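Residues per chain, in single letters:
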Amino acid sequence: MKEKIFIVEDDPAMRLGMAHFLKSHGYIVTSCENGLEALQSIESQTFDIAIFDLKLPGVDGLKLLQAMKKKDPTTVVIIITAFAEIKTAVQAIKEGAFDYIAKPFSNDELLLIIERSLKFRNLEILEIEVEYLRKTVRGKEVFEGLVGISNSMKEIFDKIEVIAKTDVPVLIQGDSGTGKELIADAIQRLSARKDFPYIKINCAAIPETLFESELFGFEKGAFTGATEAKKGKLELANGGTVFFDEIADMPLSLQAKLLRVIEDGIIYRLGGKEAIVVNLRFIYASCKNIKELIKAEKFREDLFYRINVVPITIPPLRERREDIPILIEHFLEQFAKKYNKSKIQISPSAYEALLSYDYPGNVRELKHAIERGVILSKDGIMDLKHLPEEISALSSIELNCINNNISLKECLEHFEKNIILKTLKECDGKKTEAAKRLGISRKALWEKIKAYRIEE
Ligand SMILES: Nc1ncnc2c1ncn2[C@@H]1O[C@H](COP(=O)(O)OP(=O)(O)OP(=O)(O)O)[C@@H](O)[C@H]1O
Ligand SMILES: [Mg+2]
């Protein structure tokens, strides 16, 4: 590639001499003699290098430099000065000129400075590109294992980056399978506590009777069966992070005790008198609406205010459909690798079905569907029949109707028949239950079963 050089010099002998010399070295040279004209060229063209005389009639070299940097910061600017103008030249460098060259100078000196500036420019462009790539990769796909391009996910990524470094409590809310645990993990991994203990406590999985000893530990003889002292999870996590998953399921009695730990940073083992000081960062997650639980007096309001300092709410997948295609791509790659399959293609109808489904189970459901599809796929193709029925069923009816020009009446009948079949299947063939779910009488269901010749 031939670099484009722009020379602005009012001394005709110098201007023509430089232009001639640089052209003979393979550069494409544009030149002009006054500042005003130069401003027009800056606006209308792009250059790799600009060489401006500092003193020009009208608009001087410093002004041109500013205009050039504004128009295209990647253009390298070299300033030509008279010996007495060195001070101004230094000013020019502060404003972004690459270097200056003092009159009188030889052609070789000029060439040297041009070559040096081009090297510098290419490095600088490389840096800009690396930065750009870094940003787009991050914007495009994965942030700490979290895939998402929707605005809501991008906002969450930004929030995670900011709060991870702090010790503020975070409450992550979202329906089942939206990625709450993945987000908690990302926060922990990006925090200053990343090399310290990370203890996860699933409040829905611990029986109420064991909860207290799990959290706080116990001393020997604290209760029958306590033959040895044992540290609780909060003590084990000291210095690190505790993730309370399904915090809404924490028994009320324990909520009061947790509140005290949060406020004082002190725990006591069961049967113990010694105050143990703990330093912990708390992350909480819940798929239940805690505000409603407060109304029902199942969750302490004072605890809620303590845990809900920074809320992160993940929308269900159906409300951020832009994320579905890249999640598909992500899981496809992941499972193709896991099951040692080469590149897998998704058939158009299967893809359509995956894109239009509602995903009540959110990302987890999509992930499982792709995993299953990858396992069942044949000859590198994942088709509608390889997808779970919930995903393939309705959309295949739609597609059939559209593709085969079926009348609306037939289409609706087809649809009705499939819904009835699906419901019957889900109710293990129990008609009373199926009728109830479908919101029709048992008699009406019978008639439809007969009409559609649905076999037992
Ligand atoms: N944005 C995402 N990018 C990639 N994988 C995701 C994303 N969100 C969720 N997943 C995957 O979906 C599955 C469910 O995620 P996770 O366990 O974090 O959800 P959850 O909100 O904690 O669900 P639950 O409420 O049921 O516990 C995991 O396998 C996780 O890896
Ligand atoms: Mg979870």
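As the structure is a computational prediction, the values presented were derived from the model and not from experiment.

Colleague: A description of the site of ligand 1 should follow, citing residues and the corresponding values.
Modeller: In the region of ligand 1, 17 residues are neighbours, and Val147, Ser176, Gly177, Lys180 and Lys367 sit closest. Taking Val147, its main chain carries an N or O atom lying 2.9 Å from a nitrogen atom of ligand 1. Between ligand 1 and Glu181, the relevant distance is 3.1 Å, taken from an oxygen atom to a main-chain nitrogen or oxygen of the residue. Compared with its free state, where it exposes 630 Å², ligand 1 has 87% of that area covered by protein. Among the secondary structure elements, those contributing two or more residues to the shell around ligand 1 are strand 7 (146–147), helix 7 (180–190), helix 13 (323–338) and helix 15 (362–376). Split into classes, the residues belonging to the shell around ligand 1 amount to 6 nonpolar, 5 polar and 6 charged. Looking at which domains feed residues into the shell around ligand 1, each of domain 2 (146–315) and domain 3 (323–405) gives three or more.

Colleague: Break down the sheet that holds strand 8 (residues 170–173) for me, citing the residues and quoting the values.
Modeller: The sheet built from 5 strands is open, its strands ordered 9-12-15-8-16 with parallel pairing. Lying at the two open borders of the sheet, with one neighbouring strand each, are strand 9 (198–202) and strand 16 (310–313). If you compare each strand with its neighbour and ignore which way they point, the axes differ by 15° on average. Where strand 8 lies against strand 15 (residues 281–286), 4 bridges are found, and the strand directions are parallel. Its bridge partner lying in strand 15, Gln173 is registered against Ser286.

Colleague: So what about a negative patch on the surface? Which residues, and what values?
Modeller: On the surface, Asp10, Asp11, Glu33 and Glu37 cluster together to form a negatively charged patch. Among the secondary structure elements, Asp11 is positioned in the loop between strand 1 (4–8) and helix 1 (12–24). Given a relative accessible area of 32%, Asp11 falls into the partly exposed group.

Colleague: Tell me about the pattern of salt bridges, residues and numbers included.
Modeller: If you walk through the whole model with that rule in mind, you get 23 salt bridges. As a salt-bridge pair, Glu371 and Lys338 come within 3.3 Å of each other at their nearest N and O atoms. Of this pair, Glu371 sits in helix 15 while Lys338 sits in helix 13, placing them 33 residues apart in sequence. The buried category is assigned to Glu371, whose relative accessible area is 17%.

Colleague: Tell me about the sheet that holds strand 5 (residues 99–102), residues and numbers included.
Modeller: The pairing of strands in a sheet happens through backbone hydrogen bonds and is either parallel or antiparallel. Here we have 5 strands laid out as an open sheet, ordered 2-1-3-4-5, and parallel in their pairing. With partners counted over all chains shown, the strands left at the sheet margins are strand 2 (28–32) and strand 5, one partner each. Pairwise comparison of adjacent strand axes, ignoring direction, gives a mean angle of 20° for this sheet. Where strand 1 and strand 2 come together, 5 bridges link them in parallel fashion. Its bridge partner lying in strand 2, Ile5 is registered against Val29. Contacts from helix 3 (residues 61–71) reach strand 1, strand 3 (49–53) and strand 4 (76–81), with the element oriented near 160° to strand 3.

Colleague: Would you mind going over the packing of helix 8 (residues 208–216) against helix 10 (residues 252–264) in detail, with residue names and values included?
Modeller: At a minimum axis distance of 10 Å, the contact between helix 8 and helix 10 shows a crossing angle of 15°. In terms of orientation, helix 8 lies roughly parallel with respect to helix 10. Along this stretch, helix 8 crosses helix 10, giving a crossing that reads as left-handed. Across the interface between the two elements, Glu208, Phe211, Glu212, Leu215 and Phe216 from helix 8 touch Ser253, Leu254, Lys257 and Val261 from helix 10. When the residues that make up the contact of helix 8 with helix 10 are grouped by side-chain class, the tally is 5 nonpolar, 1 polar and 3 charged.

Colleague: So what's going on with helix 18 (residues 431–438)? Which residues, and what values?
Modeller: Taken together, the buried positions of helix 18 are Lys431, Ala434 and Ala435. Angularly, the buried residues of helix 18 cover 100° about the axis, an arc narrow enough to put them on a single face. Against the buried residues of helix 18 lie helix 17 (408–426) and helix 19 (442–451). In the segment just after helix 18, Gly439 is the residue with positive phi, at about 75°.

Colleague: Help me get a handle on the nonpolar core, residues and values and all.
Modeller: Inside soluble globular proteins, nonpolar side chains tend to come together where they are buried. Judged by nonpolar contacts, the single largest core of 33 residues is most densely connected at Leu234, Phe244, Ile247 and Phe282. Take this core: its biggest share by element is 5 residues, from helix 10. Of all hydrophobic cores here, the second largest spans 26 residues; its members include Ala353, Leu366, Ile370 and Ile391.

Calculation notes
- Once a new chain begins, its residue numbering starts again from 1 and follows that chain's sequence as written.
- Key to labels: chains lettered from A, ligands numbered from 1, both in the order written.
- Thresholds applied to this predicted model are a pLDDT of at least 70 for local features of residues and 80 or more for the giving and counting of side-chain atom pairs; totals over whole chains, interfaces and linings are not thresholded and use all residues.
- Each side-chain value is derived from all of the structure's non-hydrogen atoms; neither hydrogens nor water enter the calculation.
- Proximity is defined per residue: if any heavy atom of the residue lies within 4 Å of a molecule or strand, that residue is considered near it.
- Nitrogen and oxygen atoms within 3.5 Å of one another constitute a polar contact, given that in protein one can donate a hydrogen and the other can accept it, and given that sequence-neighbouring residues count only through two side-chain atoms.
- In short, Shrake-Rupley with a 1.4 Å probe defines the accessible areas, and a residue's cover is counted only from the protein chains shown.
- The numbering of helices and of strands both runs from the N terminus, where a helix is a DSSP run of H or I of at least 4 residues and a strand a run of E of at least 2.
- Only Asp, Glu, Lys and Arg are considered charged in this grouping, and only Ala, Val, Leu, Ile, Met, Phe, Trp, Tyr, Cys and Pro are considered nonpolar; every other residue, Gly among them, is considered polar.
- Each domain's extent is set by a domain assignment, obtained either automatically or from a database.
- The pairing criterion for strands is at least two bridges between them, as found by DSSP.
- Fitting a line to C-alpha atoms yields each axis, with helices limited to the stretch in contact; the angle taken between N-to-C directions then spans 0 to 180 degrees.
- Here, patches come from residues exposed beyond 30% relative accessible area and free of salt bridges, joined within 9 Å for like charges and within 5 Å for nonpolar side chains (Val, Leu, Ile, Met, Phe, Trp, Tyr).
- Whenever a carboxyl oxygen of Asp or Glu lies within 4 Å of a side-chain nitrogen of Lys or Arg, that contact is scored as a salt bridge.
- Charge counting treats Lys and Arg as positive and Asp and Glu as negative, with His and both chain ends excluded.
- Where a charge lies is defined by one atom per residue type, namely NZ (Lys), CZ (Arg), CG (Asp) and CD (Glu).
- Note on exposure labels: buried denotes an accessible area under 20% of the residue type's maximum, exposed denotes more than 50%, and partly exposed covers the range between, all computed with a 1.4 Å probe on protein chains only.
- The contact definition used throughout considers only heavy atoms, calling two residues in contact when any of these lie within 4.5 Å.
- Every angle not falling under 35 degrees, over 145, or within 65 to 115 is termed oblique; those three ranges are roughly parallel, roughly antiparallel and roughly perpendicular.
- For any helix crossing, the convention is left-handed if the near helix is rotated counterclockwise from the far helix by under a right angle, and right-handed if that rotation is clockwise.
- For this quantity, the arc is that covered by the directions from the helix axis to the C-beta atoms.
- Think of a nonpolar core as a cluster: buried Ala, Val, Leu, Ile, Met, Phe, Trp, Tyr and Cys residues, connected wherever their side-chain atoms sit within 4.5 Å.

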